[in-house]
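Chain by chain, the residues run as shown.
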Amino acid sequence: MDALSPPDRRGDEPSDSDDDDSMSSPTFSEPSQLEVDEDLQFDEDKEQRRMEMMMQAASNRLQNKDDEELIQYSELKYISFRTTGPQVIKDVFDGELYRKLLKKRVIVDRHKQGHKFFSDDRDIALGICQDGFLIFQRNRKGPSATPILIQNYNLPPTVCTHAENLICVGVIPGPHQPKDTESFLLPLEEELAKLAVGVPTYDAESKSIFDMHAYQLFGLGDILAIEKTLRIKGHNSMCACRSCNLKGVRNLAENGKIYYIPLKLPHNRDNNGRDPRNLPKRTHSQFIETLSTMDSLPTKSAREKKAKATGIKDWPIFRRVNSLDYAKSFPWDWMHLLLENVIPNLLDLWMGRYKGLDMGTGDYEIPLSIWNKIAEESVNATEHIPAEFTRVIPHLITQRSTWTAESYCFWFCYLFPIVLRNRFPNDKYYKHGCLLVKIMKTCLQFSITEDELNTLDSDIVDWVEKYERYYYQYKETRLSTCVLTIHGLLHLADDIRWCGPGWTTWTFFMERFCGSLKAALRSKSHPWANLSNHCVHSAYLRQLGLRYDLARELEDAEPDYRRLDAQVLTRYEREYDGYPNHIVCHPVRKNSAMTQSQKDKITEYLHAVDREEHENESPMDPHRGNSEAKCILHSHKYELEYEHEDQLVDNLGYGELISVIALEIPAERNIFRELAGQTVLLAHVTPCKTGRKDARRELVSYSACYQSQIMDVRCVTAVVGRIKRGKKWYILDRFEDCAIAAFVPNDDEGEDGHESDDSDLN
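Predicted model, so just to flag it, every value in this text is computed and none were measured.

All right, on to the overall build of the chain then. When its secondary structure is counted, the chain shows 22 helices and 22 strands. Here the chain holds 762 residues, and the buried ones make up 52% of them. For the chain, restricting intrachain contacts to residue pairs at least 6 apart in sequence, the fraction spanning at least 24 positions comes to 68%. Taken as a whole, the chain presents about 37000 Å² of accessible surface, with 48% of it coming from carbon and sulfur.

Below, the structure written as structure tokens:
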């Protein structure tokens, strides 16, 4: 069977009354080379033998399937049972891009297929991610590699980025970034074309053969990877933005060669303003029209002139299936945009280290002596922050080169509002930074409404306009502050509308994968062959595990029995009746003697519960009688509920958890009523004087505590952190409805904290 030939780039669009022209694929002038009906046919005998083997293997697996495998089978049906409300975006399937595809006919190499996108619940949505990394421990320059990963959006968001659920289809070798990325991606594009037509597959659940379809929804990666995939001009060009047609300007006074994209042109330019609320957005049809015009131009110089004016150089990669919208299917990556560029650049500005610029007419720089205090406070805070929140934060001044995207995210979202408060010469810079914190957290919400998106859009425009006023100051010599990543923020809200919340398309999973490749590298003389072999052998092992039920046997580490069966407790854990959501762990002090103060507090607590229940003539419940509470392990959050004037009142507080007491109540029913003979879990907590404020919504500090008290352990709802500044402690309480930028790597995995080219775009 002949392989599919790469399509010619020229031609007109096929007309189709039930398709949206704005998202149709480019078509080609030599269909005789692209007879899909012939090229995409399968060898019937070979396929029959393959199906028989698959059916037999599936039958064997179904007979021996355990609960864990049943869960894995059901996870692929996430798209079928997910729910959402009107005007709410929870994941990629709520985005306008996916909903628009549902109405479109599939076209492969200009041939219409008999089905529409995602017409079957078993159709698979894919994202393809590329990102270059430096294979050796270097901050800048050096040999690199570019992995290509496929993400399966049919899996629930909680597991679709796990390493075992990602598909590595190859690693583009170095030593430098590839100039012709398409040559490495042609085999993948051919597979995607076949999957769009349909591949006969055995459904083990229904015991039938069906045509499986898979479609690419997004192209993901850093700015450089997207530039190569879309075949657009680089980030220093005159028309560098992939989402709009806004033109850049140069520093003519110093004969600058790099273009920047400010909203307001320098004071010495004629056109002195461009509306950020009405940007000239690119469209898919504009891409097609521009490229068709370029193909018709007679000379190379004419095509280069057109490319410079439009920012589009050539036909994008992945053009054979009409699932991609060139203007909307390549969202700006939240991680690369903010954590790898905007925040580091802001720190450089505040430290006076940004590209040799002074403050101009501003006063935003903070002296080095104060920065050292800020760094020490940040380092010391790690001791009082749960490991679930973040890893160790390196010193901001002396070890900043070791900071990762996760470090920047946690520090800026949670520590910046505390450690930089009242430290700027002018408080407007602090408020400006806090507005960026609000923007970042909004982008990370698990679900977001249209009203919240409109507010986000306004906040971003406000932030960018103030950024230009504070740092760019509309001076031609300060144009270098208006880098492409600042402009890219203006498109975040639209990307969420089209593709889903920021966490659905961020590329933390790629950073972790790059870290695992670094850790697996064993040869410095042949590094790329070493990386390729590692990926191939890992795929072999995974397939062996899937085909022959050897997944557990092939695991490197000892199995985590709690992960295999959550009902099985280790010898260090214990559950108590009436507390199904609580597991008591080591260290445990059995038959320990309580102090007289503890006895008095427990007696007072039980009397209070008994008095309330006696008045209400209902069974005694130690969870009632207290308010609802949050606590701290040096700092826990407790939420207490209590009745006041016949109304239930929520009382939120923070305190230090001293101990958890397993109290065995004597079997004297006339005294202890319903609790007689039971074991209750009590928390001994020292409440902090925080004034019932919520640290998720505002800064909460304390310098003193109340006397310790006893409460039911069910009142303790979360572990929080704290950071000391001066004589005050500030509470760090994570948003419960936001995605967390954190890694949970395996023992043999690391994290790639450095970009190959774009960690500081010019």
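Turning next to the packing of helix H14 (residues 450-472) against helix H16 (residues 492-499). The interhelical angle for the contact between H14 and H16, taken along N-to-C directions, is 155 degrees, at an axis separation of 8 Å. Relative to H16, H14 is oriented roughly antiparallel. When H14 is examined against H16, the residues Glu450, Leu453, Asn454, Leu456, Asp457 and Ile460 are found in contact with a partner set consisting of Leu492, Ala493, Ile496 and Arg497. Considered class by class, the residues forming the contact of H14 with H16 number six nonpolar, one polar and three charged.

With that settled, the discussion passes to the pairing of strand E17 (residues 679-687). Of all nine residues in E17, eight are buried, a share of seventy percent or more. In terms of strand pairing, E17 meets strand E19 (residues 709-712) through four bridges, oriented antiparallel. In the strand pairing of E19, His684 is matched with Ile710.

Attention now goes to the packing of aromatic side chains. Taken as a whole and judged by the stated rule, the model has 28 aromatic pairs. Centre to centre, the rings of Phe446 and Trp503 are 5.8 Å apart; their planes meet at 75 degrees, and the pair counts as edge-to-face. On the criterion of sequence distance, the pair formed by Phe446 in the loop between helix H13 (427-443) and strand E11 (448-449) and Trp503 in helix H17 (residues 502-505) is long-range, its members being 57 residues apart. Taking the relative accessible area as the measure of exposure, Phe446 reaches 39% and is therefore partly exposed. We note Arg242 situated over the ring of Trp332; from NZ or CZ to the ring centre the distance is 4.2 Å. Sitting over the face of the ring of Tyr474, Lys264 holds its NZ or CZ atom 4.5 Å from the ring centroid.

Before going further, it helps to spend a moment on the sheet that holds strand E22 (residues 728-732). In any sheet, the strands associate via hydrogen bonds between backbone groups, in a parallel or an antiparallel arrangement. Within the open sheet, the three strands sit side by side as E18-E22-E21. Their pairing is antiparallel. Because the sheet does not close on itself, it has two edges, and the strands there are strand E18 (701-702) and strand E21 (721-725). As paired strands, E21 and E22 are joined by five bridges and run antiparallel to one another. Residue pairing across strands places Arg722 opposite Ile731, the latter belonging to E22.

Before going further, it helps to examine a nonpolar patch on the surface. Taken together, the side chains of Leu541, Leu544, Tyr548 and Leu550 make up a nonpolar region of the molecular surface, amounting to roughly 370 Å² of accessible area. With respect to the helices, strands and loops of the structure, Leu541 is situated in helix H19 (residues 527-547). Taking relative accessible area as the criterion, Leu541 reaches 44% and is therefore assigned partly exposed.

Right, let's talk about the pattern of salt bridges for a bit. What the rule picks out here adds up to 21 salt bridges. Ionic pairing is found between Lys281 and Asp494, a salt bridge with its closest N-O pair at 2.5 Å. Of this pair, Lys281 sits in the loop between helix H7 (223-230) and helix H8 (284-296) while Asp494 sits in helix H16, and the two are 213 residues apart along the sequence. Between Arg696 and Asp694 there is a salt bridge whose closest N-O contact spans 2.8 Å. Here the salt bridges do not stand alone but share partners, grouping Lys281, Glu450, Asp457, Asp494 and Arg497 into one network.

Now for the environment of Glu406. Relative to the assigned elements, Glu406 resides in helix H12 (residues 405-419). The spacing of Glu406 and Arg391 is 15 residues in sequence and 8.5 Å in space, taken between C-alpha atoms.

This next bit is on H14. Look at H14: 32 Å from first C-alpha to last across 23 residues, which is about the 33 Å you get at 1.5 Å a residue. Regarding H14, the residues found buried are Leu453, Leu456, Asp459, Ile460, Val461, Trp463, Val464, Tyr467, Glu468, Tyr470, Tyr471 and Tyr472. Packing partners of the buried residues in H14 comprise strand E1 (88-89), helix H10 (334-351), H13, E11, helix H15 (484-488) and H16. Residue Gln473 follows H14 closely and has a positive phi angle near 60 degrees.

Counting residues in each nonpolar core, the largest one holds 90 residues, and the members touching the most others are Trp350, Trp371, Trp411, Leu420 and Trp463. Mapped by element, the contributors of at least two residues to this core are H10, helix H11 (368-381), H12, H13, H14, H15, H16 and E22. Residues in contact with Trp411, not counting those within four places in the same chain, are Leu347, Trp371, Ile374, Ser378, Leu396, Trp403, Phe416, Val419 and Leu420.

Where H12 meets H13, the closest approach of the two axes is 10 Å, and the angle between their N-to-C directions is 150 degrees. When the interaxial angle is binned, H12 and H13 end up roughly antiparallel. By crossing handedness, the relation of H12 to H13 is classed as left-handed. The segment H12 lies against H13, with Phe412, Cys413, Tyr414, Phe416 and Pro417 engaging Tyr430, Gly433, Cys434, Leu436, Val437, Met440 and Lys441. A breakdown of the residues in the contact of H12 with H13 according to their chemical character gives 10 nonpolar, one polar and one charged.

In this section: the pairing of E22. Along E22, four of the five residues are buried, which leaves the element largely enclosed by surrounding structure. The sheet contact formed by E18 and E22 spans two bridges and is antiparallel. By the bridge assignment for E22, Ser701 is matched with Tyr730. What sits between E21 and E22 in their antiparallel hairpin is a turn of two residues, with Gly726 showing a positive phi close to 65 degrees.

It is worth spelling out unusual backbone geometry at this point. Here the residue pair Gly174 and Pro175 is connected by a cis peptide bond, since its omega of 10 degrees sits within 30 degrees of zero. As for its position among the elements, Pro175 is in the loop between strand E7 (167-172) and helix H6 (182-197). Despite not being glycine, Lys355 has its phi angle at roughly 50 degrees, a positive value. Here Lys355 shows up in the loop between H10 and H11. Taking relative accessible area as the criterion, Lys355 reaches 36% and is therefore assigned partly exposed. Residue Tyr474 is not a glycine yet carries a positive backbone phi of 60 degrees. Within the secondary structure, Tyr474 sits in the loop between H14 and H15.

Confidence in the prediction for the chain averages 80 pLDDT; 77% of positions are at 70 or higher. For the chain, per-element mean pLDDT is lowest for helix H1 (residues 36-39), which scores 43, and highest for H14, which scores 95. Within the model, pLDDT remains below 50 along residues 640-649, and this stretch shows 26 contacts once partners closer than five positions in the same chain are excluded. Residue range residues 743-762 is modelled with pLDDT below 50. Its contacts to residues more than four positions away, or to other chains, number 73 contacts.

Once that is clear, we can look at the environment of Asp94. On the secondary structure map, Asp94 appears in the loop between E1 and helix H5 (96-101). Asp94 sits in the buried class, given a relative accessible area of 7%. Spatially, the C-alpha atom of Asp94 lies 9.5 Å from that of Pro501, the residues being 407 residues apart in sequence. Among the polar contacts listed, one links the side chain of Asp94 to the backbone nitrogen of Lys90, at a separation of 2.8 Å.

Bringing the state of the cysteines into the picture now. Applying the stated rule across the entire model yields zero disulfides. Here Cys129 stays unpaired: no disulfide links it, and the sulfur of Cys514, its closest cysteine neighbor, is 8.1 Å away. Classification of Cys129 by relative accessible area gives buried; the value is 0%.

Each value, and the rule that gives it
Residues numbered from 1 in each chain as written. Predicted model: local features only at pLDDT ≥ 70, side-chain atom pairs only at ≥ 80, totals over all residues. Heavy atoms only, no water. Helix = DSSP H or I, 4+ residues; strand = E, 2+ residues; numbered from the N terminus. Buried < 20%, exposed > 50% of the residue type's maximum accessible area, 1.4 Å probe, protein only. Contact = heavy atoms within 4.5 Å. Areas by Shrake-Rupley, 256 points an atom, 1.4 Å probe, with all protein chains shown as cover. Axes fitted to C-alpha atoms, helices over the stretch in contact; angles between N-to-C directions. Parallel < 35°, antiparallel > 145°, perpendicular 65-115°, else oblique. Nonpolar A, V, L, I, M, F, W, Y, C, P; charged D, E, K, R; others polar. Pairing = 2+ DSSP bridges. Phe/Tyr/Trp six-rings, centres within 6.5 Å; stacked < 30°, edge-to-face > 60°. Lys NZ or Arg CZ within 6 Å of the ring centre and 35° of its normal. Patch = residues over 30% accessible without salt bridge, like charges linked within 9 Å, V, L, I, M, F, W, Y side chains within 5 Å. Salt bridge = Lys/Arg side-chain N within 4 Å of Asp/Glu carboxyl O. Expected span 1.5 Å × (residues − 1). Core = buried A, V, L, I, M, F, W, Y, C linked by side-chain atoms within 4.5 Å. Left-handed = near helix turned anticlockwise from the far one by under 90°. pLDDT = per-residue confidence, 0-100. Polar contact = N/O pair within 3.5 Å; in protein donor to acceptor, adjacent residues only side chain to side chain. Disulfide = S-S within 2.5 Å.

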